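# Descriptive analysis of the structure
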Amino acid sequence: MTSKEFEKLAFKLELFGPSPAEKYAENINYQGVYSPEELPDHLNQNFGLVWDGNSVAKCDGTFGEYTKYNNPHKASLYLSSGLPIIVWKKAALADFVIDNNVGFAVDSLTEIDERLEGMPREEYSVMKKNALAVAQKMRDGEFIKTAMTKLEKVKD
């Protein structure tokens, strides 16, 4: 993704991870690298963005295509930290996000500005509350327990 593509977006992006670029668009603030234990303490934004690809227009490339079939670690990280998430509409996780109202899905990153501008505070509050509930279920192992119960039923 080029810096010029991100300059078209109004929302601010806090970026974490190794191998920083030499220069970022003005709306990107590189935060550095933290250990897995430390990183959740630095996630104090309003949303976590789960986006893999080479374009702001869609998730593409190998990793973008893969999001159609898997649930990226980033999603678990953000949700377990109580952050609502923004995902690609074609991602495997999109239905979960929408059905559980723990964020929203977009076709393109260019849709995020308008979506955030038009979002009432109450709508965000509900997403945040739901993300915190999902975080608790994750910590309690509820999703694993449910999967195991379903597996046992199929096995019988």
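In this numbering scheme, every chain counts its residues from 1 along its sequence in written order. At least 70 in pLDDT is required for a residue's local features to be given in this predicted model, at least 80 for side-chain atom pairs to be given and counted, and no such filter applies to totals for whole chains, interfaces and linings, which use all residues. As a rule here, side-chain values come from all non-hydrogen atoms in the structure, and water together with hydrogens is ignored.

### Quick notes on the overall build of the protein chain
Operational definition: Going along the chain from the N terminus, every DSSP run of H or I of four or more residues is numbered as a helix, and every run of E of two or more is numbered as a strand. The atom set for the radius of gyration is the C-alpha atoms, and the globule formula is 2.2 Å times the number of residues raised to the power 0.38. Remark: exposure states derive from per-residue accessible area (1.4 Å probe, protein chains only) relative to the maximum for the residue type, with buried under 20%, exposed over 50%, and partly exposed in between. The contact definition used throughout considers only heavy atoms, calling two residues in contact when any of these lie within 4.5 Å. Only the protein chains shown count as cover for residues, and the accessible areas themselves come from Shrake-Rupley with a 1.4 Å probe. Think of it this way: Lys and Arg go in the positive column, Asp and Glu in the negative one, and His and the chain ends go nowhere. Where a charge lies is defined by one atom per residue type: Lys uses NZ, Arg uses CZ, Asp uses CG and Glu uses CD.
When helices and strands are counted, the protein chain shows seven helices and five strands. For the protein chain, the succession of helices and strands along the chain, N to C, is α-β-β-β-α-α-β-α-β-α-α-α. Its C-alpha atoms give the protein chain a radius of gyration of 16 Å, near enough to 15 Å, the size a compact globule of 156 residues would have. Across its three principal axes, the protein chain shows a C-alpha extent of roughly 55 × 35 × 30 Å. Burial status across the protein chain gives 37% buried among its 156 residues. Partitioning the intrachain contacts of the protein chain with sequence separation of at least 6 by distance along the chain shows that 52% fall at a separation of at least 24. Only carbon and sulfur atoms are counted for the fraction: they give 52% of the accessible area of the protein chain, which is about 9,900 Å². The protein chain carries 19 positive and 24 negative side-chain charges, and their two centres are separated by 4 Å.

### Considering the sheet that holds strand β4 (residues 85–88)
We apply this condition: At least two bridges found by DSSP between two strands is the condition for calling them paired. For helices, the fitted axis covers only the stretch in contact; all axes are lines through C-alpha atoms, and the angles between them, taken along N-to-C directions, range from 0 to 180 degrees.
Reading across the sheet, the three strands line up as β3-β4-β5 and stay open at both edges, with parallel pairing between neighbours. The two strands at the open ends of the sheet, each matched to only one other strand, are β3 (48–50) and β5 (103–106). In this sheet, neighbouring strand axes are inclined to one another by 20 degrees on average, regardless of whether the strands run parallel or antiparallel. As paired strands, β3 and β4 are joined by three bridges and run parallel to one another. Following the sheet pairing, Val50 is matched in β4 by Val87.

### Description of the packing of helix α3 (residues 73–80) against helix α6 (residues 121–139)
To be explicit about the condition: Here is the rule for angles: anything less than 35 degrees is roughly parallel, anything more than 145 is roughly antiparallel, 65 through 115 is roughly perpendicular, and the remaining ranges are oblique. Note that Gly is not counted as nonpolar here; it falls among the polar residues with everything else outside the nonpolar set of Ala, Val, Leu, Ile, Met, Phe, Trp, Tyr, Cys and Pro and the charged set of Asp, Glu, Lys and Arg.
Contact pair α3 / α6: the axes reach a minimum separation of 8 Å and the direction vectors enclose 105 degrees. Taken as axis vectors, α3 and α6 run roughly perpendicular relative to one another. Residues Ser76, Leu79 and Ser80 of α3 pack against Ala131, Val134, Ala135, Met138 and Arg139 of α6. Residues belonging to the contact of α3 with α6 are distributed by class as follows: five nonpolar, two polar and one charged.

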